Amino acid sequence: MSETKRVAILISGGGSNMLALLRDMTGDHPCRPVLVASNDPEAGGLARAAELGVPTAAVDHKPFGRDREAFEAALTERLEAAAPDIICLAGFMRILTPGFIARWEGRMLNIHPSLLPKYRGLHTHARALEAGDAEHGVSVHEVTAELDGGPVLGQARVPVHPGDTPQTLAARVLEQEHRLYPMVLRRFAVGDRTPIRL
Ligand code: GAR
């Protein structure tokens, strides 16, 4: 088997996708986690990762104000120390600069709660409901300089039910996120970019 790939995961919140990835990275999985980092020191996911024995880092973006590059330099320092082969953004809610994205080009994945190219950006569930969509879902894509615009590596669809709220729809999508992201990472780590459709 080829060498194990080192994975860093960036989060901003509870980290349920991060946990799905961490729980999958055992046994014959081609990857192992080397770092979970957050821009929010209070992110619940940091403690959950630490409980699983994964090294964590908090790089608070607030002291950097609008200086995204300075924040990213601090984050890059922590990432480089962990030497990841792959970075998974998992509910990481900071916009990244082209310089940071170029640094990790071809090695960075993101999960976005919509059927891209629909609904890039925020409030995806509310927007799908407002549009009257019969179907909604989640995408995992490679990160490029275009926001939520890189090549799609996997998508999972869910039905929209009558009476859905953004919350009920988000919960249905999140279940699929936890299935899809680990599947995509396993494939991506061995160089397989064939899109997954669930
Ligand atoms: C997930 O639904 C993820 O798709 C979304 O944030 C949530 C994080 O939940 N990501 C984005 O909206 C990125 N623009 P989690 O912290 O429980 O994984």
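Quick note: structure is the one above.
Quick caveat: nothing in here was measured; it's all calculated off a predicted structure.

## As for the site of the ligand
- By nearness alone, every residue bordering the ligand is listed as Gly-14, Gly-15, Ser-16, Asn-17, Gly-91, Met-93, Ile-111, His-112, Pro-113, Leu-174 and Glu-177.
- Between the ligand and Asn-17 there is a distance of 2.9 Å, counted from an oxygen atom to a backbone nitrogen or oxygen.
- Within the side chain of Glu-177, one N or O atom sits 2.8 Å away from an oxygen atom of the ligand.
- Within the complex, 80% of the 450 Å² of free accessible area of the ligand lies under protein.
- A majority-of-atoms criterion places the ligand in the largest pocket.
- Taken together, the elements giving at least two residues each to the shell around the ligand come down to α1 (16–24), β5 (108–112) and α6 (166–189).
- Looking at the shell around the ligand, its residues break down into four nonpolar, six polar and one charged.

## Examining the layout of surface pockets
- Considered as a void within the structure, the largest pocket measures approximately 860 Å³ in volume.
- Forming the boundary of the largest pocket are 38 residues, of which Phe-92, Met-93, Asn-110, Ile-111 and His-112 lie nearest the centre.
- Listing elements by their share of the lining of the largest pocket, those giving two or more residues are α1, α4 (98–103), β5, α5 (124–130) and α6.
- Here the lining of the largest pocket is composed, by residue class, of 16 nonpolar, 17 polar and five charged.

## With respect to the pattern of salt bridges
- Inspection of every chain in the model, using the stated rule, returns nine salt bridges.
- For the salt bridge of Asp-28 with Arg-186, the shortest nitrogen-to-oxygen distance reads 3.5 Å. Of the two residues, Asp-28 sits in the loop between α1 and β2 (31–38) while Arg-186 sits in helix α6, which places them 158 residues apart along the sequence.
- Taking the relative accessible area as the measure of exposure, Asp-28 reaches 60% and is therefore exposed.
- By relative accessible area, Arg-186 is classed as partly exposed at 29%.
- Its salt-bridge partner being Asp-60, residue Lys-62 comes within 3.5 Å of it at the nearest N-O pair.
- Taken together, the salt bridges that share partners define one network made up of Asp-24, Asp-28 and Arg-186.

## Digging into the nonpolar core
- Core analysis: the largest hydrophobic core is formed by 34 residues, its most contacted members being Ile-9, Val-36, Cys-88, Leu-109 and Leu-185.
- With eight residues, α6 is the largest single contributor of residues to this core.
- Setting aside residues no more than four positions away along its own chain, Leu-109 makes contact with Ile-87, Cys-88, Leu-89, Val-140, His-141, Glu-142, Val-143, Leu-153, Tyr-181, Val-184, Leu-185 and Phe-188.
- Residues Leu-10, Val-34, Leu-96 and Met-108 belong to the second largest nonpolar core, which totals 20 residues.

Procedures and definitions
- Residues numbered from 1 in each chain as written.
- Predicted model: local features only at pLDDT ≥ 70, side-chain atom pairs only at ≥ 80, totals over all residues.
- Heavy atoms only, no water.
- Near = heavy atom within 4 Å.
- Polar contact = N/O pair within 3.5 Å; in protein donor to acceptor, adjacent residues only side chain to side chain.
- Areas by Shrake-Rupley, 256 points an atom, 1.4 Å probe, with all protein chains shown as cover.
- 1 Å grid on protein atoms, 1.4 Å probe; cavity = no way out; pocket = protein on both sides within 12 Å on 5 of 7 lines; lining within 4 Å.
- Sits in = over half its atoms within 2 Å of the grid points.
- Helix = DSSP H or I, 4+ residues; strand = E, 2+ residues; numbered from the N terminus.
- Nonpolar A, V, L, I, M, F, W, Y, C, P; charged D, E, K, R; others polar.
- Points joined across faces, edges and corners; volume = space filled by probe spheres on them.
- Salt bridge = Lys/Arg side-chain N within 4 Å of Asp/Glu carboxyl O.
- Buried < 20%, exposed > 50% of the residue type's maximum accessible area, 1.4 Å probe, protein only.
- Core = buried A, V, L, I, M, F, W, Y, C linked by side-chain atoms within 4.5 Å.
- Contact = heavy atoms within 4.5 Å.

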